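# Chain and residue survey
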Amino acid sequence: MAFPITRLRRLRSNSITRDMMRETTVSAANLIMPLFAVSGTNIKNPIPSMPGQYQMSIDLIVEKCKHLNSLGIKSVLLFGIPDHKDETGECAAHDHAIIPETIRAIKAQVPEMYVIADVCNCEYTTHGHCGTLVNGDVDNDSTLETLAKQCVAFAKAGVDMVAPSDMMDGRVGRIRKALDDNGFTNLPIMAYSAKYASAFYGPFRDAAESAPKFGDRKTYQMDPANSNEAMREIDLDIIEGADIVMVKPALPYLDIVRRAKDTFNMPLCAYNVSGEYSMVKAAAANGWIDEKRIVSEILLSIRRAGADMIITYHAEEAAQWGIVK
Ligand code: PBG
């Protein structure tokens, strides 16, 4: 049936029918808030390239978690900035390293908060690469060992989920084995499966003090031109035991999000990364856009593309503004 019998405007004519036929929703339960932990007390260092985001000491992270929880944001993703870096990133894996300490504090004081820890070496290495260097290149297999140690240390501290973001081959399998060998058979892995070598991570590297001191991450993160390869990455992570797979960044890769959902029908996360956040903040600060409406549209677009959950620096504000239910 075509016009004039069919008129799509009939169901758009009032908010009740618009609400009735809305296909996509975003709930606070879909959102994960990233937080950056540093040592000390009462420290809140603004991150200049990410207005509204801070490096925070553990006491303030705990306060932030209480507030997020009151807003209905039920999970956080932790990144750690250590006092001292080393060559391999092993410093991340000690009982008293920044992330295990942060995990224990949150679980003790806000036990209902679901704590996810990012697992990577780039914040912890002197050179800023995501693994151990051998002859100037990131060595895959020795890096798997430091990642596995990190995961076990986080698990012992009580983390709810680990999220490896390093893009080494075989890391999901290695981490699964390490967790299982240590009795953490029920701890889920959210794999940053299709993670692209993206300029959209620029502001994050200021936040996490993790920019590579030489070269780039193109030998381990994916080429932005590739889609088939993303499916291979996701497929391998599923075979190795990933519980959730991720596409990152989100907005320039929504085609990958949709293809991943259609191809694998796995629980799927998309990371609305720092550069995507900062562009919105910069435009909003200039009065060029309506930030609330823009963020609402962005979150909807990522869910509509097929993501079940979204990691976003806008999580707290989205809940505060009432643009998610
Ligand atoms: C660590 C990591 C990065 C991000 C998440 N985990 C940076 C990178 O790969 O350089 C980026 C997050 C963001 O930009 O918001 N490997």
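The rules behind each value
Along each chain, residue indices are assigned from 1 in the same order as the chain's sequence is written. Note on the predicted model: pLDDT of at least 70 is required for a residue's local features to be given, and 80 or more for side-chain atom pairs to be given and counted; whole-chain, interface and lining totals, by contrast, use all residues. With hydrogens and water excluded, all non-hydrogen atoms of the structure serve as input to the side-chain values. Burial here depends on accessible area, computed with a 1.4 Å probe over protein chains only, as a share of the maximum for the residue type. Under 20% is buried, over 50% is exposed, and the range in between is partly exposed. Each helix is a run of H or I in the DSSP string that is no shorter than four residues. Each strand is a run of E no shorter than two, and both are numbered from the N terminus. Strand pairing follows a simple DSSP-based rule, namely that at least 2 bridges must link the two strands. Each axis is a line fitted through C-alpha atoms, taken for helices only over the stretch in contact, and angles between the N-to-C directions span 0 to 180 degrees. We call two directions roughly parallel when the angle between them is under 35 degrees, roughly antiparallel when it is over 145, roughly perpendicular when it lies between 65 and 115, and oblique otherwise. The crossing is said to be left-handed when, going from far helix to near helix, the turn is anticlockwise and less than a right angle, and right-handed when the turn is clockwise. Residue contacts follow a heavy-atom distance rule, with two residues in contact if any of their heavy atoms lie within 4.5 Å. Classification used: nonpolar for Ala, Val, Leu, Ile, Met, Phe, Trp, Tyr, Cys and Pro, charged for Asp, Glu, Lys and Arg, polar for all others including Gly. Any residue with a heavy atom lying within 4 Å of a molecule or strand is counted as near it. Pairing of N or O atoms within 3.5 Å defines a polar contact, subject to two protein rules: one partner must be a possible hydrogen donor and the other a possible acceptor, and residues neighboring in sequence count only if both atoms are side-chain atoms. Computed with the Shrake-Rupley method and a 1.4 Å probe, the accessible areas treat only the protein chains shown as cover for residues.

So, about the pairing of strand β8 (residues 161–164). On β8, burial covers both faces: Met161 and Ala163 on one face and Val162 and Pro164 on the other are all buried. In this sheet, β8 lies alongside strand β5 (residues 114–119) in parallel orientation, the contact comprising four bridges. Within the sheet, the bridge partner assigned to aspartate 118 lies in β8 and is alanine 163.

A few words on the packing of helix α4 (residues 140–157) against helix α5 (residues 171–181). At a minimum axis separation of 9 Å, α4 and α5 run at an interaxial angle of 40°. In this view, α4 runs oblique relative to α5, as classed from their interaxial angle. Taken as a pair, α4 and α5 cross one another with a handedness that is right-handed. Contact residues: Leu144, Glu145, Leu147, Ala148, Cys151, Val152 and Ala155 in α4; Arg171, Arg174, Ile175, Ala178 and Leu179 in α5. By residue class, the composition of the contact of α4 with α5 is nine nonpolar, no polar and three charged.

The next subject is the environment of arginine 259. Looking at the element boundaries, arginine 259 is found in helix α8 (residues 254–264). Distance in space between the C-alpha atoms of arginine 259 and alanine 282 is 31 Å, their sequence separation being 23 residues. The contacts of arginine 259, once residues within four sequence positions are left out, are Ser227, Asn228 and Met231.

Next up on the list: the site of the ligand. Looking at the ligand, there are 18 residues lining it, with Lys195, Arg205, Lys248, Ser274 and Tyr313 nearest. In the environment of the ligand, a nitrogen atom lies 3.3 Å from a nitrogen or oxygen atom belonging to the side chain of lysine 248. In the complex, 100% of the free accessible area of the ligand, which totals 400 Å², lies under the protein chains. For the shell around the ligand, the class distribution of residues is 10 nonpolar, three polar and five charged.

Everything listed here is a matter of geometry and, on its own, says nothing about what the molecule does.
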